[in-house]
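Close look at the chain arrangement
So the chains spell out like this:
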Amino acid sequence: MRIGTLEIATPVLLAPMAAVTDLPFRTIVEEFGVGLTITEFLSADAIIHGDSKTTDKMTASLNGRKFGVQIFGRTDEAMILAAQMAVRIGASLVDINMGCPAKRVVAGACGSALMREPELAQHLVRIVDEAIGPDVFVTVKHRAGWDSSELNAAEFACALVEAGAKMITVHGRTRAQGFTGNSSNEVIRQVREQVPSDVPVVGNGDVTDVESFLRMREETGCDAVMIGRGALGNPWLFRSIKAVSEGKEDPGAPTLEERYDVFKRHISHIIALKPGPKLLHEVRKASAWYAKGHRGCNALRQKVWKTDSPEAVMQVVSDYFEELIGQEHAA
Ligand SMILES: Cc1cc2nc3c(=O)[nH]c(=O)nc-3n(C[C@H](O)[C@H](O)[C@H](O)COP(=O)(O)O)c2cc1C
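Our subject in this report is the structure included herewith. (Residues numbered from 1 in each chain as written. Predicted model: local features only at pLDDT ≥ 70, side-chain atom pairs only at ≥ 80, totals over all residues. Heavy atoms only, no water.)

1. Some remarks on empty space enclosed by the protein
According to the stated counting rule, one finds one cavity of 30 Å³ or more in the structure shown. In this model, the largest cavity occupies a volume close to 40 Å³. Elements with a contribution of two residues or more to the lining of the largest cavity: α11 (256-273) and α12 (279-291). Among the elements that take part in the lining of the largest cavity, α12 stands out by supplying four residues, more than any other. Here the lining of the largest cavity is built from residues that sort into five nonpolar, one polar and three charged. (1 Å grid on protein atoms, 1.4 Å probe; cavity = no way out; pocket = protein on both sides within 12 Å on 5 of 7 lines; lining within 4 Å. Points joined across faces, edges and corners; volume = space filled by probe spheres on them. Helix = DSSP H or I, 4+ residues; strand = E, 2+ residues; numbered from the N terminus. Nonpolar A, V, L, I, M, F, W, Y, C, P; charged D, E, K, R; others polar.)

2. Observations regarding the pairing of strand β6 (residues 93-98)
For β6, a buried count of six out of six residues is recorded, marking the element as mostly surrounded by other parts of the structure. Burial along β6 is two-sided: the residues L93, D95 and N97 and V94, I96 and M98 are all buried. Summarising the sheet, strand β5 (residues 67-72) and β6 pair through four bridges and their orientation is parallel. Each residue of the ladder has a partner; that of G68, found in β6, is L93. For the crossover that starts at β5, traverses helix α4 (residues 76-88) and ends in the parallel β6, the hand is right-handed. (Buried < 20%, exposed > 50% of the residue type's maximum accessible area, 1.4 Å probe, protein only. Pairing = 2+ DSSP bridges. Right-handed = clockwise from strand over helix to strand, strands pointing away.)

3. Some words on the packing of helix α9 (residues 210-220) against helix α10 (residues 236-245)
In the contact formed by α9 and α10, the axes pass within 10 Å of each other and the chain directions differ by 50°. Viewed along their axes, α9 and α10 adopt a mutual orientation that is oblique. The way α9 lies across α10 gives a crossing that is right-handed. Here α9 contributes V210, F213 and L214 to the contact with α10, which in turn contributes L237, S240, I241, V244 and S245. Residues of the contact of α9 with α10, tallied by class, amount to six nonpolar, two polar and no charged. (Axes fitted to C-alpha atoms, helices over the stretch in contact; angles between N-to-C directions. Parallel < 35°, antiparallel > 145°, perpendicular 65-115°, else oblique. Left-handed = near helix turned anticlockwise from the far one by under 90°. Contact = heavy atoms within 4.5 Å.)

Below you can see the structure in the form of structure tokens.
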């Protein structure tokens, strides 16, 4: 897939997720072969006001890997400044969020609210496109529409492309649905059908395994798939999709030893890349992902939340995995 002149080797992207797709997690997912990662959405207004909590989240991927930055807002000055900051840290694309359903975002007429203002949405694409120059690409992520009576995804996407968007990502739910009900592959199919074929359309929503990845590609004709919740604690999904996309055999789920190793690697990335007052919280959160679905994971989660240091979390989770691995070998 190509976004402008940017080549994406594997047709799967990590979805931007607030408080989740930080640099440690993006790094883990990149190690497993994802096509591209994008930062969580960052408020252009907060950036323009120099809010360090927001600017600290605008991080370049390690080792020169390509990445995108996602921003949201609705005023020229803030959007231009935020987009230029993304270019300065080396982003290959600036994605504008036009899909967020959260009340505080929509109350500011940003995120999915922009689907009801297609002319302003086009204007934002144009000014960001101009601000970032020819070597960085403006892209948009949006929803199926505002609600079931305003399903304007295809028309909206075409307007954005006309304004200069070089990739469209569609989450097949409406704003009104939030995260309930199902994501519609039919909406994504319509967007793919109507957007000019040289602009990639990425399908998003409810892909959690190789089967749902293949189904979305087949049912929608999308150029790539974006995965969010299905990637939490499961970076191996990207390894599987990469293999299958290259016509190789799916290596399948990880062994417990692999899971344990990646947990340790993830925690050491958090300690190295995200030090600060929230370190313990971050370490606890990531720990819970890796044990999910395994025997005793609830009890482990409770123990983890009672720890008082990252080292203690490491110890508790290490004991857990070593016991599980021991039991598996004994069986
Ligand atoms: C915790 C969380 C945070 C999210 N934050 C963002 C965000 O910052 N920007 C964005 O475009 N979408 C965000 N989303 C939406 C996801 O990118 C994605 O569109 C949605 O989860 C559907 O995909 P999935 O079924 O693969 O999770 C978020 C979703 C979750 C669950």
